Amino acid sequence: MKSRLKELRARDGLNQTQLAKLAKISRQTVSLIEREEFIPSLLIAVRIARIFNEPVESVFSIEEDE
Amino acid sequence: MMKTWIKVIFSAILGFFSSILILKGFEINFDPYVDAFLIGILIIIVIVIGIIFGLYKQLINLHNKEVYGDEEDEVDMQIYKKLSDYSLLSFSNFILSLLALCITLITNKEIVIVVITLITVAISCILMSRLMSLYKLTQPHRPIITSSSDKDYGNALLSVADEGEKHVMLIGFYKSYHLFCTALLLAIMFATFYSISSGNSQLFSIIAMSIVLVLANGKYYLSIRNK
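Residues numbered from 1 in each chain as written. Chains lettered and ligands numbered in written order. Predicted model: local features only at pLDDT ≥ 70, side-chain atom pairs only at ≥ 80, totals over all residues.

**Q** Explain the overall build of chain B to me, please; I cannot follow it from the model alone.
**A** Along chain B, the regular secondary structure elements total seven helices and zero strands. If you list the helices and strands of chain B from N to C, you get α-α-α-α-α-α-α. Along the three orthogonal principal directions, the C-alpha set of chain B runs to about 65 × 50 × 40 Å. Counting every position in chain B, which comprises 227 residues, the buried fraction comes to 7%. Within chain B, contacts between residues separated by at least 24 positions form 60% of all contacts whose residues are at least 6 apart in sequence. (Helix = DSSP H or I, 4+ residues; strand = E, 2+ residues; numbered from the N terminus. Buried ≥ 20, exposed ≤ 12 C-beta atoms within 10 Å, placed from the backbone. Contact = placed C-beta atoms within 7 Å.)

Dropping the structure here:
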């Protein structure tokens, strides 16, 4: 699963630690999602999308072969 | 790279001792080597305690550092790695101290040596207990884990971890579970071979290791079966 987390963080001037605090998750989890090593649950995906004021499908996208 | 070197060193040590045992037909009397072995362990314990104090100081310095932006992430990553190193070293030191204490008790060493090893066990326990306060200090925004003496510590640890942390823990636990089972099976085989070759019965340790293996596997399979 692809995510625009890094791009959106840069747009809003947030580092991983700040995003983690806002989303009430650990910085490790933010890092894992950005490195595409972990697929977040719907709850976390929605929480992150709300922080960036974006729809979930705009932040996270599933590749064709998935 | 580091992983490969650890594997090479571990295999070399294992190969060295195995070949000596085979060459001597498993008839090695460990008693003459006990003192040297004990001194070696105590030296390692002192060195590791020094490293742990160093890590403690580094963690406090990193926590007090005022950083912003990407540097904040970098410092958080360093804190996370150093906390993991602290945890690994303090636990390893506790096991080494326990091993030293067992050796002194089994071989009837002087009371001074027993007291020294008891002190190393106590220091290791104190260093392990400091881990939780270090975690609270360096990660204040994260949920607080209940005391490690808590009866339900395992569940408490899982409940404060978020999805990503659980994912990382699961991979780690699964790998260590497989290593644990394989290592115990090898130890049982090795103890059996040693008992037969040397005539020095290791039956008690073989039974103890088998019970541990059955309990660990039983707990795992019952946990996944009842879900």
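Now that the structure is up, let's keep going.
**Q** Mind showing me how you'd approach the interface of chain B and chain A here?
**A** Size of an interface: often given as the accessible area lost when the parts come together. Taken together, the contacts link 14 residues of chain B with 14 residues of chain A. For the side of chain B that touches chain A, the secondary-structure elements that each account for two or more residues are α3 (70–106) and α6 (163–198) of chain B. Here the residues of the side of chain B that touches chain A are counted per class, giving two nonpolar, four polar and eight charged. (Nonpolar A, V, L, I, M, F, W, Y, C, P; charged D, E, K, R; others polar.)

**Q** Where do I start with the packing of helix α2 (residues 34–64) of chain B against α3(B) in this structure?
**A** Helix packing for two helices is described by the angle between their axes and how far apart those axes are. All names here are of chain B. For the pair α2 and α3, the least separation of the axes is 9 Å and the interaxial angle reads 155°. Put simply, α2 runs roughly antiparallel to α3. Relative to α3, α2 is oriented so that their crossing is left-handed. Here the contact of α2 with α3 is built from residues that sort into 23 nonpolar, eight polar and two charged. (Axes fitted to C-alpha atoms, helices over the stretch in contact; angles between N-to-C directions. Parallel < 35°, antiparallel > 145°, perpendicular 65-115°, else oblique. Left-handed = near helix turned anticlockwise from the far one by under 90°.)

In short, shape yes, function no, at least from these values alone.
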